[in-house]
Number of protein chains: 4
Amino acid sequence: MDDTPGYSDDKTAVLKRLRRIEGQVRGIERMVEDDTYCIDVLTQVSATTKALEAVALKLLDEHLAHCVVDAAKRGGPEADAKVKEASAAIARLVRS
Amino acid sequence: MDDTPGYSDDKTAVLKRLRRIEGQVRGIERMVEDDTYCIDVLTQVSATTKALEAVALKLLDEHLAHCVVDAAKRGGPEADAKVKEASAAIARLVRS
Amino acid sequence: MDDTPGYSDDKTAVLKRLRRIEGQVRGIERMVEDDTYCIDVLTQVSATTKALEAVALKLLDEHLAHCVVDAAKRGGPEADAKVKEASAAIARLVRS
Amino acid sequence: MDDTPGYSDDKTAVLKRLRRIEGQVRGIERMVEDDTYCIDVLTQVSATTKALEAVALKLLDEHLAHCVVDAAKRGGPEADAKVKEASAAIARLVRS
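Rules used in this analysis
- Residues numbered from 1 in each chain as written.
- Chains lettered and ligands numbered in written order.
- Predicted model: local features only at pLDDT ≥ 70, side-chain atom pairs only at ≥ 80, totals over all residues.
- Heavy atoms only, no water.
- Helix = DSSP H or I, 4+ residues; strand = E, 2+ residues; numbered from the N terminus.
- Rg over C-alpha atoms; globule rule 2.2 N^0.38 Å.
- Buried < 20%, exposed > 50% of the residue type's maximum accessible area, 1.4 Å probe, protein only.
- Contact = heavy atoms within 4.5 Å.
- Buried area = accessible area lost by both parts, 1.4 Å probe.
- Salt bridge = Lys/Arg side-chain N within 4 Å of Asp/Glu carboxyl O.
- Polar contact = N/O pair within 3.5 Å; in protein donor to acceptor, adjacent residues only side chain to side chain.
- Least-squares fit on C-alpha atoms with pLDDT ≥ 70 in both.
- Lys, Arg positive; Asp, Glu negative; His and termini not counted.

Trainee: What is the right way to look at the overall build of chain A in this model?
Mentor: When its secondary structure is counted, chain A shows three helices and zero strands. Ordered by position from the N terminus, the helices and strands of chain A form the series α-α-α. For 96 residues, the compact-globule estimate of 2.2 N^0.38 gives 12 Å, and chain A exceeds it by more than 25% at 18 Å. The proportion of buried residues among the 96 residues of chain A is 53%. A separation of at least 24 residues holds for 57% of the contacts in chain A among residues at least 6 apart in sequence.

What follows is the structure, encoded as structure tokens:
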């Protein structure tokens, strides 16, 4: 069995996005320190939440395309377990 | 290729949930007709949204477990297409 | 104190939207009865969830513009209570 | 008119939460660098999204309790403008 996570090809792209999100969070901190108007802070928080969700959807897509599809090809109980695990992650994402 | 949708085993359960949701929506209509206090109407709208999301997560889980896993077993470009399609549905769900 | 809910002016418009949503839910039931492809059912569920959220945002906007603003004008502990109640409704909505 | 944003009393608490979120994002970067299993990365992304939403709900509550209530007390067109602006921010939040 291959232990490489599904996002390994796009690791650099995923890391780049996460570093940009880290910068967005630091930007929100500075806005709060500078007493920026609440609504402008909220707009940045919404944008950062959307960016985080986009990373999650990217990771999930890679996970389905690699880990879940590979487990399905091998068949057996592992395929069911992988689908169950992916569905639980999707539910956490939809509810977050 | 099998055309039975993934939820076919749970069709009765899914329909039962949808009929309950239909009843919840009718209940909200009655609340609005009766000039029920806004916040109480909103509480019912949130509960109904959650119930709809739960149906979506159920349908998605069945879809992954059947349609996507079966396509993965058969392999080829259809497997990639099914994953792409499922990822797009998950994105719509997360953003809705 | 005025007991008319905030949405009373738009009652007809809100009811019209809710009846359309009820129709969408019935449409999803028919899709499931007819064994429609999972992804197409999911697309309709996402659309219906979005329509319900739009009703909730409309109700909330009317509630802030009338009930919360009126309570704020009267002042006193009732204004605080109305804001607390509205914030709790917003949190339920964001998390649903 | 008072230009202090609504969150000024809780500025320290909000900043503390944002710094923790910044740390969570850095933690996710390290997980990706270390090829952590996709599902475990996703769990952390969902937790961070929830934490950001909680900050947004806190800021919004303070905004309603201060900026919107104060504008309502002063009355006039500014009150309407503040409600409209708050409703738009809530819509962005619900849809993010």
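Moving on from the coordinates now.
Trainee: Teacher, can you tell me more about the interface of chain D and chain A here?
Mentor: Often the size quoted for an interface is simply the accessible area lost on bringing the parts together. With 45 residues of chain D at the contact, the number on the chain A side is 45 residues. A buried area of about 4,200 Å², summed over both sides, lies between chain D and chain A, and 68% of it is on carbon and sulfur atoms. On inspection of chain D and its partner chain A, the count reaches eight salt bridges. The interface formed by chain D and chain A includes 18 residue pairs in polar contact (both at pLDDT 80 or more). Those elements giving two or more residues to the side of chain D that touches chain A turn out to be α1 (11-33), α2 (38-74) and α3 (77-95) of chain D.

Trainee: Can you walk me through the relation of the copies chain D and chain A in this structure?
Mentor: Both copies of the chain are related by one operation, a rotation about an axis with a shift along it. Taken as rigid bodies, chain D and chain A are interconverted by a rotation of 180° and an axial shift of 0.0 Å, the fit giving an RMSD of 0.0 Å. In symmetry terms, the pair is related by a two-fold rotation axis. Both copies contact each other with a shared surface, as 100% of the interface residues of chain D are interface residues in chain A too.

Trainee: Could you clarify how one ought to interpret the side chain of Glu53 of chain B in this entry?
Mentor: Position of Glu53 of chain B relative to the elements: it lies in helix α2 (residues 38-74). Summary of buried charges: Glu53 of chain B has no salt-bridge partner, and the nearest side chain of opposite charge, Arg95 of chain A, is 5.4 Å away. For Glu53 of chain B, the residues in contact, after removing those within four places along its chain, are Val94 of chain A, Ser96 of chain B together with Thr49 and Ser96 of chain C.

Trainee: Help me understand the relation of the copies chain B and chain C in this model?
Mentor: In screw terms, the move from chain B to chain C is a rotation of 180° and a rise of 0.0 Å along the axis, fitting with an RMSD of 0.0 Å. With an isologous cut-off of 70% or more, the 100% of interface residues of chain B that recur at the interface of chain C puts this contact in the isologous class.

Trainee: Could you clarify how one ought to interpret the pattern of salt bridges in this entry?
Mentor: As a working rule, side chains carrying opposite charge can pair if their charged atoms are close by. Counting across every chain of the model gives 36 salt bridges over all chains. One salt bridge in this structure joins Arg19 of chain B and Glu29 of chain C, with 3.9 Å as the shortest N-O distance. Remark: Glu29 of chain C occurs in helix α1 (residues 11-33) and Arg19 of chain B occurs in helix α1 (residues 11-33); the pair is interchain, linking two chains. Take Arg19 of chain B: its relative accessible area is 43%, and that puts it in the partly exposed class. We classify Glu29 of chain C as buried; its relative accessible area is 7%. Taken together, the salt bridges that share partners define one network made up of Glu22 and Arg26 of chain A together with Glu22 and Arg26 of chain D.

Trainee: How should I be thinking about the interface of chain B and chain C in this particular structure?
Mentor: Across the contact, 45 residues belong to chain B and 45 residues belong to chain C. Taken together, both faces of the contact between chain B and chain C bury some 4,200 Å²; the carbon and sulfur share is 68%. Our enumeration of links across chain B and chain C arrives at eight salt bridges. Of all the secondary structure elements, the ones that give two or more residues to the side of chain B that touches chain C are α1, α2 and α3 (77-95) of chain B.

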